[in-house]
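The residues making up each chain are set out below.
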Amino acid sequence: MKTSFLQTGISTAALSLSAVAAFAADGRPNILYIMSDDHSFQTIGVYASVLKDYVNTPNIDRIANEGVKMENCFVTNSISTPSRAAILTGQYSHHNQVYTLADELPAGHPSMAKELQKNGYQTAIVGKWHIGTQPEGFDFYSVMPGQGKYENPGFMESGLPFDVKHAVRTKGYCTDVITDKCIDWMEQADKNKPFFLMCHFKAPHTPFTPAERHKDLYKGVVFPEPNNLYENLDSRPILKSVHNKISGGRFANKELPKEDRVKDAYQEYIRTYLSCIAGIDENVGRLLDYLEKNGQLDNTIIVYTSDQGFYMGEHGLVDKRLMYEEALRMPLVIRYPKRIPKHTTCKTFVQNIDFAPTLLEYAGISTPDYMDGRSFSASLNGKEAPDARKTAYYRYWMNFKGYNIPAHYGLRTDRYKLIYFYGKSCGTKGSIDKPNFQPVWEFYDLQNDPHEMTDQYNNKKYQKVINELKETLRKTQNEIGDKL
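All of these numbers come straight from a predicted model, not from anything done at the bench.

A. The overall build of the chain, seen in detail. For the chain, the helix and strand inventory stands at 12 helices and 16 strands. For the chain, the C-alpha radius of gyration of 22 Å lies close to 23 Å, the compact-globule estimate for 484 residues. Expressed along its principal axes, the backbone C-alpha trace of the chain runs to roughly 70 × 50 × 45 Å. Split into buried and exposed, the 484 residues of the chain put 60% on the buried side. Taking contacts inside the chain between residues at least 6 apart in sequence as the whole, the part at least 24 apart equals 68%. Entry remark: accessible area of the chain is about 19100 Å², with carbon and sulfur atoms responsible for 49%. One finds the centroid of the 58 positive side-chain charges in the chain at a distance of 2 Å from the centroid of its 57 negative side-chain charges.

So this is what it looks like as structure tokens:
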């Protein structure tokens, strides 16, 4: 590690001796927040269905089995930069001002890291950052420029100018290197003070490059296909027009007939993707082993998640962005035996803006007024909080920039989903306006149609429900201040 966090963090001299003693003795938990990029819930053992016999994630599964698996965790804006900003700030995109990939988190913006830091936590972030501006609220950072590289990645580090030219090139595979840096930082940390460490893996983001040791892991394996891999999209104008189809992706052999092309591309896609996951799970195991050997495992809140969901061929798609289940739903498992019983499954609705309030509550810090999220810790003790979410609000802002996907918003309840594809840039950076686009409403009954195969918006049987949902959607937007 190029620069010790002890050289760059807040000085303990800035705290009174009595305050330092209080932090050392109060028994507050460490927080290890592990996040991958584009890791679909379908490819984690405790969540997997179609691929359950092929996914091997024992260490991520261990976190779930020794803690909680969240069944209904949803992203507010399914794309990397906005999701990361929402997680860090506890705010929707319209409040933290990070709407698209072209935005940066404004300098000086409040965040979970700053709240923990000013309350005596040692703070660090290592790995993928992707929010543009120099990290604030962290005593130490070592983050990759932009998307980062799989092999021999560079890191912009504390104590050096925050630009690509000063990135420190580090030999090795990025998932391994990020874990090395995290363990190095924990090794140096003051053992008398709690820490907050964000470990952000690049994998399994495109170009889906596994470590050399895993490149032949699934050689010759033929994977089962999702039932809607070859879905006919003629009656679905939005899905038909988007470009994130597996038939046109990097694994597609354009010389093959369409169905053969999809079949061939799907197999190669899953093979390489799962090989990347193997490296993630190995390194999650290394982090767990380090904490266990140092007597800190049970005193550390361990979170594993992804910045959003991802399509594994469902509807013939790859990537994320669209508000269908595979991109909307985030994996989230948490281990903290002092407060969370083993083998817990929680069906409470939570969103990524709720992560910060929940972790702050475990650290003994009240949710700041600027955060839109709410703590869901009560639901992890077996009792659902009185203000637990009954709906999840979603808004994707990056109009037509990337895979020809129109901007849209919507609401999900325990049974229904209503989506409005409005297709306007609303002045957001990087978006494209298409004047001839005609807005589209979609509605799904998830109880009868969990894979969202049939749009029921024009079915008279559902008109009362649809009208009620539209009213709830309008009220939600007013309550959270999302001005159209």
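Anyway, onward from the coordinates.
B. Structural detail: the confidence of the model for the chain. Residues of the chain with pLDDT of at least 70 account for 95%, and the chain-wide mean is 93. Here residues 1–25 scores under 50 on pLDDT; set against residues more than four positions off or in separate chains, the count is 39 contacts.

C. Just the packing of helix α7 (residues 174–188) against helix α9 (residues 258–293), in detail. At their nearest, the axes of α7 and α9 sit 9 Å apart, and the two run at 10 degrees to each other. With respect to α9, the axis of α7 lies roughly parallel. Here α7 runs over α9; the crossing is right-handed. Contact with α7, carried on its side by Thr-175, Asp-176, Thr-179, Asp-180, Cys-182, Ile-183, Met-186 and Glu-187, involves Gly-279, Ile-280, Asn-283, Arg-286, Leu-287, Tyr-290 and Leu-291 of α9 and no other residues of that element. A per-class count over the contact of α7 with α9 returns seven nonpolar, four polar and four charged.

D. Structural detail: the sheet that holds strand β4 (residues 122–128). Taking strand neighbours across the sheet as the criterion, the 10 strands line up as β7-β6-β5-β4-β8-β1-β9-β10-β2-β11 in an open arrangement whose pairing is mixed. Each edge of the sheet is formed by a strand with only one pairing partner; in this case those strands are β7 (168–169) and β11 (344–346). Looking at chain direction, strand β6 (residues 154–157) and β7 are connected through two bridges and run antiparallel. What sits directly across from Gly-154, in β7, is Arg-169. Each of β2 (68–70), β9 (300–306) and β10 (332–335) touches helix α3 (residues 58–65); the most contacted strand, β10, lies at about 65 degrees to it.

E. Region of interest: the side chain of Asp-445. Within the fold, Asp-445 resides in strand β16 (residues 440–445). On the basis of relative accessibility, which here comes to 2%, the residue Asp-445 falls in the buried class. In contact with Asp-445, other than residues within four places in its own chain, are Arg-415, Tyr-416 and Tyr-462.

F. Geometry of the pairing of strand β8 (residues 195–200). Counted residue by residue, β8 has six buried out of six residues, so it is predominantly covered. Of the two faces of β8, the one lined by Phe-195, Leu-197 and Cys-199 and the one lined by Phe-196, Met-198 and His-200 are each fully buried. Across six bridges, β4 lies against β8 in parallel orientation. Across the sheet, the residue bridging to Ile-125 is Met-198, located in β8.

G. Expanded view of the packing of aromatic side chains. This model, assessed by the stated rule, comprises 29 aromatic pairs. Between Phe-41 and Tyr-47, the aromatic rings sit 6.3 Å apart at their centres with planes inclined by 75 degrees, giving edge-to-face as the arrangement. Judged by centre distance (6.4 Å) and plane angle (75 degrees), the rings of Tyr-416 and Tyr-462 are edge-to-face. With Tyr-416 in strand β15 (residues 416–421) and Tyr-462 in the loop between β16 and α12 (463–480), this pair connects stretches of sequence that are 46 residues apart. Since its relative accessible area comes to 5%, Tyr-462 is described here as buried. Site record: aromatic cluster; members linked through ring pairs are Phe-208, Phe-251, Tyr-269, Tyr-273 and Phe-310. Above the plane of the ring of Phe-400 lies Lys-434, whose end atom (NZ or CZ) is 4.6 Å from the centre.

Scoring rules and cut-offs
- Residues numbered from 1 in each chain as written.
- Predicted model: local features only at pLDDT ≥ 70, side-chain atom pairs only at ≥ 80, totals over all residues.
- Heavy atoms only, no water.
- Helix = DSSP H or I, 4+ residues; strand = E, 2+ residues; numbered from the N terminus.
- Rg over C-alpha atoms; globule rule 2.2 N^0.38 Å.
- Buried < 20%, exposed > 50% of the residue type's maximum accessible area, 1.4 Å probe, protein only.
- Contact = heavy atoms within 4.5 Å.
- Areas by Shrake-Rupley, 256 points an atom, 1.4 Å probe, with all protein chains shown as cover.
- Lys, Arg positive; Asp, Glu negative; His and termini not counted.
- Charge placed at Lys NZ, Arg CZ, Asp CG, Glu CD.
- pLDDT = per-residue confidence, 0-100.
- Axes fitted to C-alpha atoms, helices over the stretch in contact; angles between N-to-C directions.
- Parallel < 35°, antiparallel > 145°, perpendicular 65-115°, else oblique.
- Left-handed = near helix turned anticlockwise from the far one by under 90°.
- Nonpolar A, V, L, I, M, F, W, Y, C, P; charged D, E, K, R; others polar.
- Pairing = 2+ DSSP bridges.
- Phe/Tyr/Trp six-rings, centres within 6.5 Å; stacked < 30°, edge-to-face > 60°.
- Lys NZ or Arg CZ within 6 Å of the ring centre and 35° of its normal.

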